[in-house]
Amino acid sequence: MQGGISGERHLSSCFTVSHNCSYKVRQRPFRNTAPHIQCRARAQTQDPLMVRAARGEEIERPPCWMMRQAGRYQQAYRDLAKKHPSFRERSETTDLIVEISLQPWKSFKPDGVILFSDILTPLPAFGVPFEIDDVKGPLIANPVRSLQQVHQLQSIDLEQLQFVGDALTCLRQEVDGKAAVLGFVGSPWTLATYVIEGSSSGLYKTIKTMMHSNPDLLAALLSHLAEQIAIYSVYQIDSGAQCIQLFDSWGGQLPPQMWDKWSGPYIQQIVQHVKAEHPSVPVTLYANGSGGLIERLARTGADVIGLDWTLDMADARSRLQKEGNPAVQGNIDPVMLFADQDSIASAVRDCIAKAGPRGHILNLGHGVLVGTPEENVAFMFDTAKQSAYKQALVA
């Protein structure tokens, strides 16, 4: 949910932190150009495998990480959650964010370490407070239903999100170049479903009705969200993220022509803003249920298109070749990790073979499910690490 990069703002090839990070990052003054991160002249090192795959470079094997790789399927996470039962505390406290983000790193050594956070985390920083109910999920007491409410929203206050920047900085140091550190954000459309509906929804009646009954209001809200999330994305990169994943989680709920109007342009706005600031940092775009949209996803300018498990990898590759042939991520069925290991290995080999030897990041087609056996997660990672491309074997 991120040729080498160098310079004051591009941190992949030289990165040091002014304090010793051992999960204990404390308050520091925020600066937009992240001066707490100091680059020093040194020989350029190779970027992590996942970053190189996202750029379509020739690599030795497919990198692998998993969406929701930090979470309730892990005993270590469940133990920590007993001590810290509030999700907001776990996802908004630097020490806990870092510890949780590193739990799968310590267990499996994935090729990507994603920030433990939530797509709703930045909302209070621009004027949309929310709570999380253990049963109902996220709740917004005053959903946005008028232009006056949109006009009352503020510009994002990054100081309120310092825990995110600190955590990314610390993760870069802890991982120490052995994997890519990923930041992530939600798309404007997906965030708007919560901001307008006031909670999780299965039908999205209010926001879908608003597309027709009050399109100016919806457009104004989406524009504001796009501007703030673009700034937040750059902040994550400035703080240490080497890749950014953009989740259009509910984009697949829109008919294609509606996605073209109400989701795609605002995603493109974010991608363009990120690329203007950090042209070499890969952006991955994932939309669940997007089998009918993947060509449109590619037209946003994202470097990597995340595929869910309902798509055949070979078919997706063929369709995307006509759209500039972006890199792809995915797309093992998450339920496959409940199967026997021979079946898991077969699914992984099939996915890798169909994706081809360039521009593929192995992942699930959705997040790791609660109850997934940890030994099967470990097995999928091990299988990926043993799956050398033929050209690498020849070399």
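Anyway, here's the lowdown on the structure attached to this text. Each chain has its residues counted from 1, running along the sequence as written. Totals for whole chains, interfaces and linings use all residues, but because this is a predicted model, local features are given only for residues with pLDDT of at least 70 and pairs of side-chain atoms are given and counted only at 80 or more. Values reported for side chains reflect all heavy atoms of the structure, with hydrogen atoms and water molecules removed beforehand.

Things to note about the packing of helix α4 (residues 94-108) against helix α6 (residues 162-175)
At their nearest, the axes of α4 and α6 sit 9 Å apart, and the two run at 40 degrees to each other. Comparing their axes, α6 and α4 come out oblique. α6 is crossed by α4, and the crossing has right-handed handedness. Between α4 and α6, the contacting residues are Thr94, Ile97, Val98, Ser101, Leu102 and Trp105 on the first element and Phe163, Asp166, Ala167, Cys170, Leu171, Glu174 and Val175 on the second. Orientation is described by lines fitted to C-alpha atoms, with helices fitted over the stretch in contact, and by angles between N-to-C directions that extend from 0 to 180 degrees. Helix and strand labels come from DSSP, where a helix needs a run of H or I of at least four residues and a strand needs a run of E of at least two; each type is numbered from the N terminus. Should an angle fall under 35 degrees it is called roughly parallel, over 145 degrees roughly antiparallel, and 65 to 115 degrees roughly perpendicular, with every other angle called oblique. Handedness of each helix crossing follows the sense of rotation of the near helix against the far helix: counterclockwise by less than a right angle gives left-handed, clockwise gives right-handed. Here, residues are in contact when the closest pair of their heavy atoms is within 4.5 Å.

A word on the packing of helix α7 (residues 188-197) against helix α9 (residues 215-239)
Axis separation between α7 and α9 bottoms out at 9 Å; the angle between their running directions is 120 degrees. When the axes of α7 and α9 are compared, the pair comes out oblique. Remark: the crossing between α7 and α9 carries right-handed chirality. Only Leu218, Leu221, Leu222, Leu225, Ala226 and Ile229 of α9 make contact with α7, whose side of the interface consists of Pro188, Trp189, Leu191, Ala192, Val195 and Ile196.

Examining the environment of lysine 106
Here lysine 106 is to be found in helix α4. In this structure the C-alpha to C-alpha distance between lysine 106 and valine 175, which are 69 residues apart in sequence, comes to 9.8 Å.

Side note on the nonpolar core
For our purposes a nonpolar core is just a set of buried Ala, Val, Leu, Ile, Met, Phe, Trp, Tyr and Cys residues, chained together by side-chain atoms within 4.5 Å. Burial here depends on accessible area, computed with a 1.4 Å probe over protein chains only, as a share of the maximum for the residue type. Under 20% is buried, over 50% is exposed, and the range in between is partly exposed. If you look at the biggest cluster of nonpolar residues, it comprises 125 residues, and the most contacted ones within it are Leu218, Leu221, Tyr232, Leu362 and Met380. If one sorts the elements of this core by residue count, α9 sits on top with 12 residues. In this view, tyrosine 232 contacts Ser117, Thr121, Pro122, Ile156, Leu158, Leu161, Val164, Phe184 and Val185; residues no more than four positions away in its chain are not counted.

Details of the sheet that holds strand β10 (residues 327-332)
A sheet is described by the order of its strands in space; here seven strands give the open sequence β3-β6-β7-β8-β9-β10-β11, paired in parallel fashion. Of all strands in the sheet, those bounded by a partner on one side alone are β3 (112-114) and β11 (360-364). With direction set aside, neighbouring strand axes in the sheet form an average angle of 25 degrees. As paired strands, strand β8 (residues 283-286) and strand β9 (residues 304-306) are joined by three bridges and run parallel to one another. Counterpart to threonine 284 in the pairing with β9 is valine 304. Strands in contact with helix α14 (residues 341-355) are β10 and β11; relative to β11, the strand with the most contacts, it is inclined by about 150 degrees. In this scheme, strands are said to pair when DSSP sees at least two bridges between them.

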